[in-house]
Amino acid sequence: MNTSRDDRRTRPAWLAVSALLLGLLAYPAQVAALPQAAQDTIRGTVTDGMTGQPVAGVLVRLQGSDRGVLTNAEGAYRLAAPPDGVLEFAHVAFRTTEIAIAGRTRVDVALQVSVAQLQEVVVTGYSTQRRGDITSAISSVDLEGAGRETGTSVLQRLHGHVAGVTVDASGSPGARSTVRIRGVSSFQNNDPLYIVDGTPVQESFANWLNPNDIESIDVLKDASAASIYGSRANNGVVIIETKKGRVGAPRISLDARYGIGSPVRGYDDFVILDALDYHEVVRRSHVNAGLPVPTTVYGDPNNPTIPRYTYADGDLIVARDEWGRPVEVNEAMYSWPNDLIMPGSTGTNWWDAVFGTGETRDVNVGVSGGTPTERYNLSFGYFDQEGTAAFNRYQRGTVRLNTSFSTGRLTIGENLNLSLDEHFGGIPFDPGGFAEGTIVGKNVLMQPVVPIRDLAGNYASGKAPGLGNHTNPLKLAEAQRENVFTNTRMFGNAFASYDLTDRFTVNSNLGFNVGQASADGFNPIFPENSEPTFTNSIFETNSSFLNWTWNNTLNFESSFGGLHNTSILVGQEANKTTGRFVSASMANLVTTDPNARYIQDAIGDPATKNVNSSGGFSTLLSFFGKADYNYDQRYYLSATVRRDGSSKLGPANRWGTFPAFSLGWRLSEESFLEQNDFFTTAMLRFGWGLTGNQDIAPGRTVDHFGGSTGNTFYDIAGTGTSIVQGFRQTALGNPNLKWEENESTNLGLDVEFLQGRANLVVDLYRRDTDNLLFNPQLPATAGQAAAPIVNIGEMTNRGIDLALGYRGTLGNGVGWSVDFNGAHYRNEI
């Protein structure tokens, strides 16, 4: 990237931040000198305008100040305010309402339900904002609707609920959920950054987080919103807040669910079930290619028949027909695994043989409550899901504790999550390729003439010529049943907040993510295959990691003159990740007893024992700032800048600067729309920002060396006992690696109309990625070392996000809602 281009990108945000900071320095003394009006104690009750029930947790704030309280379990509040003041009532499920005090000492209010996409309080970068004050592309998930869905991962609740966000999952219990925000923009990892209770997490498996514990989910889709998180926000940010305690007596909740799942529109939609119908496909393909039709399985091409036996070992065959097919065998000589006999089938439904129904159980118990100075929330969860594929199951247990304590200006607390989950059978991650090692893939496409079991009840397969090189998918499923993947996780944070003055607040947050994962499994022999294996083996893996993040922020908020509202945040963050991985395997086991499957010389062939370990670490240091200003809640300006230093990049390119800004214009506050009865609110938004990406394996700036037996360890003397160690280059380093950069522009419109019952959100965006981190292909003459990662190429995404919602009530007061969202984008490399 040349200097002039970098200057053009950073100049708008730096000018905006500088101008705003200079303006703020000019008025603090004037604000402090303003006279204070006489205060009265205002009381009241907040109710749901639809049901008349009291609403707890409503933020009641004196407009133009930082003074506010939350309503209790009975919907009551008490607040000191001047007789001529104005009160604001805000809650995530209702429209914000403003009411003038007008000399009263009691102000009651009935709130109107808000459309889901225009929630009033949104968690953004290191802080919260009123939804109406946001000028970036930020969407909130309607958890009331998403909460009715039962799923393993909390990420699945994003599916279909946020425009521009897609979620893919294989359907296997505990499988990875692939989340994409506005498409793909990198050759490296395209997963978004997750912020859970203020602690960043970069991983695609969120199974350790119980969906029942979630209070809110907000998605930062464009760079003007996400750049506050810098390098890790290149693919967007998903902010997850868990449930917290609320003021009131202890409340105990029990939530239990049971369901049955079944596969829909699977391979059974197109697999051929009749063996003779399958032969007709084979016959036509050979005739059209001008080749002779095979006769070893179905006999006469013009009058095919189901073979009596698809396979029998040659020594066991007593007689053959004119086509060479065995028609009489010596069944008494059957001996597994060497002398096998497999009968023919008129039509095996391999899909039904493997797939069926699976039960799901989900139980959650919680207790929460608190006082104005102490709050707590404790929950326990158990999730058990059987896969629709045979011998596949996922189980998870979670415990979550959230507490906070306040004394004067100081607030401290913690969020702690403990989880243990186990996956039995199959592979809980994408195997890649053609998935030949899984039950799904080519194996479930076994020919229908092949039976599930052979003459003696052992598993059969396509051992005879012409039946392919498939593996019996039911045997594969049963073999993988003994594969157990276990994950233990402790995740959370400890935080402290201190109000230096009414306008200045210091926050400190120490987050941690500690985990350990293990896997062990058994690979049986497959003598029934056309490519048979007679060697069994066992394997074990163990990985552990520790990630900690410490951030500190200083927040300043003020309003003056009744028209100017400002907020400034400055902060620092440090992050370190360490990990270690150990794997081992051994073949030719003396016994297949499950209780004896350990990597020990006496249990298998010591020469096949293989043990490896690897590990690494990475660090990130960041400084950031954010300034927000609005005039009369009509004109908005927000500016952000973050500087990140990464240990993964070259020494000369480790630091990157990522600025952003956004503008907003609330059209509904202008005089030309004052008499309008159709629009409740309308805001036009524009945002620009730059984010970075350094999400590559650590240590790729230097060359890597390694070796192994049979690869670089040689018996030089030829005696069989004088193996000499040797090494080779395994990966090429690139000391000039630098940041991948993503420049994003967003134009959006938020409209609420029909007296607040309907809303429309439209965003047009463009994302340009430069200096792509890429692994190029090398010619064979370059050797076996892995190619260096380089910065090369560009990628562009252009698209549109659309969300439309409507809420209404029936004559008996029952509420109903309908939401629609859609997205379209075009990617160019």
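Here is a short report on the structure shown in this document. The model shown is predicted, which means the values in this text are computed figures rather than measured ones.

**Quick look at the nonpolar core**
(1) Moving on: The biggest cluster of nonpolar side chains holds 31 residues, and the ones touching the most others in it are Val329, Ile341, Phe355, Ile439, Val449, Val450 and Leu467.
(2) Moving on: Apart from residues lying up to four places away in sequence, Val450 is in contact with Ser345, Thr348, Trp350, Ser461, Gly462 and Leu467.
(3) Moving on: Ranked by size, the runner-up nonpolar core spans 22 residues in total, among them Leu143, Val196, Val219 and Val238.

**Observations regarding a nonpolar patch on the surface**
(1) Moving on: Taken together, Ile252, Leu254, Val363, Val365, Phe380, Tyr382, Val399, Leu418 and Met490 make up a surface patch of nonpolar side chains, about 800 Å² in accessible area.
(2) Moving on: Those elements that provide at least two residues to the nonpolar patch are strand 17 (248-261), strand 22 (358-370) and strand 23 (374-386).
(3) Moving on: By secondary structure assignment, the location of Val363 is in strand 22.
(4) Moving on: The partly exposed category is assigned to Val363, whose relative accessible area is 35%.

**Overview of helix 7 (residues 473-480)**
(1) Moving on: Within helix 7, 7 of the 8 residues are buried, leaving the element largely enclosed by the surrounding structure.
(2) Moving on: Residues of helix 7 that are buried sit in contact with helix 6 (350-354) and strand 27 (504-523).
(3) Moving on: At the N-terminal end of helix 7, a side-chain oxygen is found 3.0 Å from the backbone nitrogen of Leu474, two or three residues along, and the residue is Asn472.

**Focus: unusual backbone geometry**
(1) Moving on: The linkage connecting Trp336 with the following residue, Pro337, adopts the cis geometry, with an omega of 15 degrees.
(2) Moving on: With respect to the helices and strands, the residue Pro337 is situated in the loop between strand 20 (326-329) and strand 21 (341-343).
(3) Moving on: Of note in the backbone geometry, Arg182 takes a positive phi value of approximately 55 degrees without being a glycine.
(4) Moving on: Along the polypeptide, Arg182 turns up in the loop between strand 12 (177-181) and strand 13 (193-196).

**Remarks on the pattern of salt bridges**
(1) Moving on: According to the stated counting rule, one finds 32 salt bridges in the structure shown.
(2) Moving on: Linking Arg182 and Asp801 is a salt bridge whose minimum nitrogen-to-oxygen distance equals 2.9 Å. Of this pair, Arg182 sits in the loop between strand 12 and strand 13 while Asp801 sits in strand 42 (residues 794-809); the two residues are 619 residues apart in sequence, bridging distant segments of the chain. The pair Arg182 / Asp801 is uniform in exposure class, with both members buried.
(3) Moving on: Measuring nitrogen to oxygen at the nearest pair gives 2.2 Å for the salt bridge that ties Asp269 to Arg265.
(4) Moving on: The partly exposed category is assigned to Asp269, whose relative accessible area is 45%.
(5) Moving on: What makes Arg265 exposed here is its relative accessible area of 68%.

**Section: the pairing of strand 23**
(1) Moving on: Sheet topology places strand 22 next to strand 23; 11 bridges connect them, and they run antiparallel. Looking at the pairing, Thr360 lines up with Gln385 of strand 23.
(2) Moving on: In textbook terms, the turn of a hairpin is the stretch between consecutive antiparallel strands, and for strand 22 and strand 23 this stretch comprises 3 residues.
(3) Moving on: Where strand 23 meets strand 24 (residues 393-407), 13 bridges bridge the pair, whose relative direction is antiparallel. Among the inter-strand pairings, Gly381 is bridged to a residue of strand 24, identified as Thr398.
(4) Moving on: Count of turn residues in the strand 23/strand 24 antiparallel hairpin: 6 residues, of which Phe391 carries a positive phi of about 60 degrees.

Calculation rules
Residues numbered from 1 in each chain as written. Predicted model: local features only at pLDDT ≥ 70, side-chain atom pairs only at ≥ 80, totals over all residues. Heavy atoms only, no water. Core = buried A, V, L, I, M, F, W, Y, C linked by side-chain atoms within 4.5 Å. Buried < 20%, exposed > 50% of the residue type's maximum accessible area, 1.4 Å probe, protein only. Contact = heavy atoms within 4.5 Å. Patch = residues over 30% accessible without salt bridge, like charges linked within 9 Å, V, L, I, M, F, W, Y side chains within 5 Å. Areas by Shrake-Rupley, 256 points an atom, 1.4 Å probe, with all protein chains shown as cover. Salt bridge = Lys/Arg side-chain N within 4 Å of Asp/Glu carboxyl O. Helix = DSSP H or I, 4+ residues; strand = E, 2+ residues; numbered from the N terminus. Polar contact = N/O pair within 3.5 Å; in protein donor to acceptor, adjacent residues only side chain to side chain. Pairing = 2+ DSSP bridges.

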